[in-house]
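Observations on the model geometry
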Amino acid sequence: QVQVVESGGGLVQDGGSLRVSCTASGSIRIINTMGWYRQAPGKQREFVAEITSGGNTNYVDSVKGRFTISKDNVKNTVYLQMNNLKPDDTAVYYCKARITTYTRYNYTYWGQGTQVTVSS
């Protein structure tokens with residue numbers, strides 16, 4: 001049984017910063033990747049950033065240089081530091097984790113999302 005829970009969303013002004021967190025818990029054998037997607041109203045969910053178990057990272061072009069993904073392996077937590085936020089970053093941010101347990105292999109788990117709102 002695995003749970004993926006986000007936190008840290010909120011309201012910030014244009015140019016401000018936020019850090020969202022995602023913690024995976026349960027009977028975890030391997031966390032293959034953890035990352036972030038976001039979905040703005042009326043739009044499809046899009047990839048934002050990911051980090052692998054080896055520490056490799058990937059970002060969507062629109063956030064490169066502004067967002068940084070990192071992780072704490074002991075806490076099974078991934079962070080997304082978001083700097084110089086823009087109104088277009090407003091969305092619900094979802095954590096996505098691909099996790100291998102002792103009963104499931106490389107299964108995708110989603111958090112329920114945390115709202116990030118950037119005002120003009």
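Data block above holds the structure.
Structure report, in brief. (Residues numbered from 1 in each chain as written. Predicted model: local features only at pLDDT ≥ 70, side-chain atom pairs only at ≥ 80, totals over all residues. Heavy atoms only, no water.)

Side note on the overall build of the protein
Applicable threshold: Strands here are runs of E lasting at least two residues and helices are runs of H or I lasting at least four, both read from the DSSP assignment and numbered beginning at the N terminus. Throughout, the radius of gyration refers to the C-alpha atoms, and the reference size of a globule is 2.2 Å times the residue count to the power 0.38. Accessible area is worked out with a 1.4 Å probe on protein chains only. A residue is then buried under 20% of its type maximum, exposed over 50%, and partly exposed in between. Any pair of residues with heavy atoms lying within 4.5 Å of one another is described as a contacting pair.
What the protein contains, in helices and strands, is zero helices and eleven strands. Compactness check: the protein gives a C-alpha radius of gyration of 14 Å against a globular reference of 14 Å for 120 residues, within 12% of the reference. Along the three orthogonal principal directions, the C-alpha set of the protein runs to about 45 × 25 × 20 Å. Here the protein, with 120 residues, has 40% of them falling under the buried criterion. A separation threshold of at least 6 residues defines the contact pool for the protein, and within that pool the share at least 24 residues apart is 54%.

A closer look at the state of the cysteines
To be explicit about the condition: Whenever a pair of cysteine sulfur atoms sits within 2.5 Å, that pair is classed as a disulfide.
For the structure shown, the criterion picks out one disulfide. Between C22 and C95 runs a disulfide, and the two sulfur atoms are separated by 2.0 Å. Disulfide C22-C95: torsion about the S-S bond near -80 degrees, hence left-handed. In this pair, C22 sits in strand 3 (residues 18-26) while C95 sits in strand 9 (residues 91-100), placing the two residues 73 residues apart along the sequence. The pair formed by C22 and C95 is uniform in burial state, with each residue classed as buried.

Looking at the pairing of strand 11 (residues 114-119)
Going by this rule: Any two strands between which DSSP finds at least two bridges are classified as paired.
Going residue by residue along strand 11, you find T114, V116 and V118 tucked away on one face and Q115, T117 and S119 left uncovered on the opposite face. Alignment of strand 2 (residues 10-13) against strand 11, held across four bridges, turns out to be parallel. Among the inter-strand pairings, V12 is bridged to a residue of strand 11, identified as V118. Examined bridge by bridge, strand 9 and strand 11 share three bridges and lie antiparallel to one another. Following the sheet pairing, Y93 is matched in strand 11 by T114.

What about the sheet that holds strand 8 (residues 77-82)?
Applied cut-off: Here, axes are lines fitted to C-alpha atoms. For helices the fit covers the stretch in contact, and angles between N-to-C directions go from 0 to 180 degrees.
One open sheet holds the four strands; their spatial order is 1-3-8-7, and the pairing between them is antiparallel. Each of the sheet's edge strands pairs with one partner strand only, and the pair in question is strand 1 (2-7) and strand 7 (67-72). The mean inter-strand angle of the sheet, taken between neighbouring strand axes irrespective of direction, is 15 degrees. With six bridges connecting them, strand 1 and strand 3 associate as antiparallel partners. Following the sheet pairing, E6 is matched in strand 3 by C22.

Quick look at the pairing of strand 4 (residues 30-39)
With seven of its ten residues buried, strand 4 lies for the most part within the structure. When strand 4 meets strand 9, the two strands line up antiparallel, connected through nine bridges. The residue of strand 9 that forms the bridge with G35 is K96. Direction of pairing for strand 4 relative to strand 5 (residues 46-52): antiparallel, over a ladder of six bridges. Bridging from a neighbouring strand, Y37 pairs with F47 of strand 5. Between the end of strand 4 and the start of strand 5, which pair antiparallel, lie six residues, with G42 showing a positive phi angle near 80 degrees.

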